[in-house]
Amino acid sequence: MGNPYDDLAVEYDRFYSTAEYLRENQQVFDAIAQLYPKGGAVLDLGWGTGLALDYLDVPPSLYLGIDLSEGMLAQARKKYPGHYFAKSDMALVVDHPALIISTFGSFSYCTSGAVTAKHIRDSGAAFFIMAFGADHPGCALFRARGVRSPTIWRYSPSQMAH
């Protein structure tokens, strides 16, 4: 079975372009912008179609997006041909990013969450991570479609303290 997001990639941005989603995006990225030091490198884990770049002014030379979906990779490259996107598990944490972001539950798909959380915590970077909870509607949607639900990783504040 392929990545379920490959089939959703073309319609993904249109689906999430309602006024409610756009307000939520703006609130999330306003908070992230407070963490982003201008001129710092950004590591975007589970970037999808490049949503962070819709809201943050990050030069191509300072951005790396990592995702497992070929479909999302194709859409992100169409939207932002100058930025670099790599197909990889989130366990890859590059040296010296200034900011690590993982929005809208993408961190919940990490195949090695405990290792990745430690790398993020120890990287010295500011980070903003939004993970699914077990009762998130997205988990139920995947289960209803017979797709393996994301792995739910839970961390205490002291484990993720930075």
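Scroll up a little and you will see the structure.
Residues numbered from 1 in each chain as written. Predicted model: local features only at pLDDT ≥ 70, side-chain atom pairs only at ≥ 80, totals over all residues. Heavy atoms only, no water.

Undergrad: I'm lost on the nonpolar core in this one. Help?
TA: In globular proteins that are soluble, nonpolar side chains generally tend to be buried together. Judged by nonpolar contacts, the single largest core of 19 residues is most densely connected at Phe29, Ile32, Phe85 and Ile101. Mapped onto this core, the elements with two or more residues apiece are α2 (19-35), α3 (51-55), α4 (70-79) and β4 (99-102). Ranked by size, the runner-up nonpolar core spans 13 residues in total, among them Ala86, Met90, Ala125 and Phe127. (Core = buried A, V, L, I, M, F, W, Y, C linked by side-chain atoms within 4.5 Å. Buried < 20%, exposed > 50% of the residue type's maximum accessible area, 1.4 Å probe, protein only. Helix = DSSP H or I, 4+ residues; strand = E, 2+ residues; numbered from the N terminus.)

Undergrad: Quick question: what am I supposed to make of the pattern of salt bridges here?
TA: Should the charged atoms of two oppositely charged side chains come close, the side chains can pair. Within this structure, the stated rule accounts for four salt bridges. A salt bridge links Arg14 to Glu11; the shortest N-O distance between them is 2.5 Å. With Arg14 and Glu11 both in helix α1 (residues 4-15), this residue pair falls three residues apart, about one helical turn. We note a salt bridge from Asp13 to Lys79, for which the minimum N-O separation is 3.0 Å. Here Lys79 lies in helix α4 and Asp13 lies in helix α1, a separation of 66 residues in the sequence. (Salt bridge = Lys/Arg side-chain N within 4 Å of Asp/Glu carboxyl O.)

Undergrad: Got a minute to help me understand the environment of Asp89 in this structure?
TA: Relative to the assigned elements, Asp89 resides in the loop between β3 (84-87) and β4. In the structure, Asp89 is positioned 21 residues away from Cys110 in sequence and 6.6 Å away in space, judged by C-alpha atoms.

Undergrad: Just checking my understanding: could you explain the sheet that holds strand β5 (residues 126-129) for this structure?
TA: Paired through backbone hydrogen bonds, the strands of a sheet run either parallel or antiparallel to each other. With parallel pairing, five strands are arranged side by side in an open sheet as β3-β2-β1-β4-β5. Looking at which strands have only one partner, the edges of the open sheet turn out to be β3 and β5. Looking at each pair of strands side by side, their axes are set apart by 15° on average, direction ignored. Judged from the three bridges that link them, strand β1 (residues 42-45) and β4 form a sheet pairing that is parallel. What sits directly across from Asp44, in β4, is Ile101. On top of the sheet, α2 reaches β4 and β5; it is set at about 165° to β5, its chief contact. (Pairing = 2+ DSSP bridges. Axes fitted to C-alpha atoms, helices over the stretch in contact; angles between N-to-C directions. Contact = heavy atoms within 4.5 Å.)

Undergrad: What am I meant to see in the packing of α1 against α4 here?
TA: When two helices pack together, their arrangement is given by the angle between their axes and by how far apart the axes lie. Remark: α1 packs on α4, axes separated minimally by 6 Å, with the N-to-C direction vectors making an angle of 30°. Put simply, α1 runs roughly parallel to α4. Where α1 approaches α4, its residues Tyr5, Asp6, Ala9, Val10, Tyr12 and Asp13 are matched on the opposing element by Glu70, Gly71, Met72, Gln75 and Lys79. For the contact of α1 with α4, the class distribution of residues is five nonpolar, two polar and four charged. (Parallel < 35°, antiparallel > 145°, perpendicular 65-115°, else oblique. Nonpolar A, V, L, I, M, F, W, Y, C, P; charged D, E, K, R; others polar.)

That's the geometry; what it means functionally is another story.
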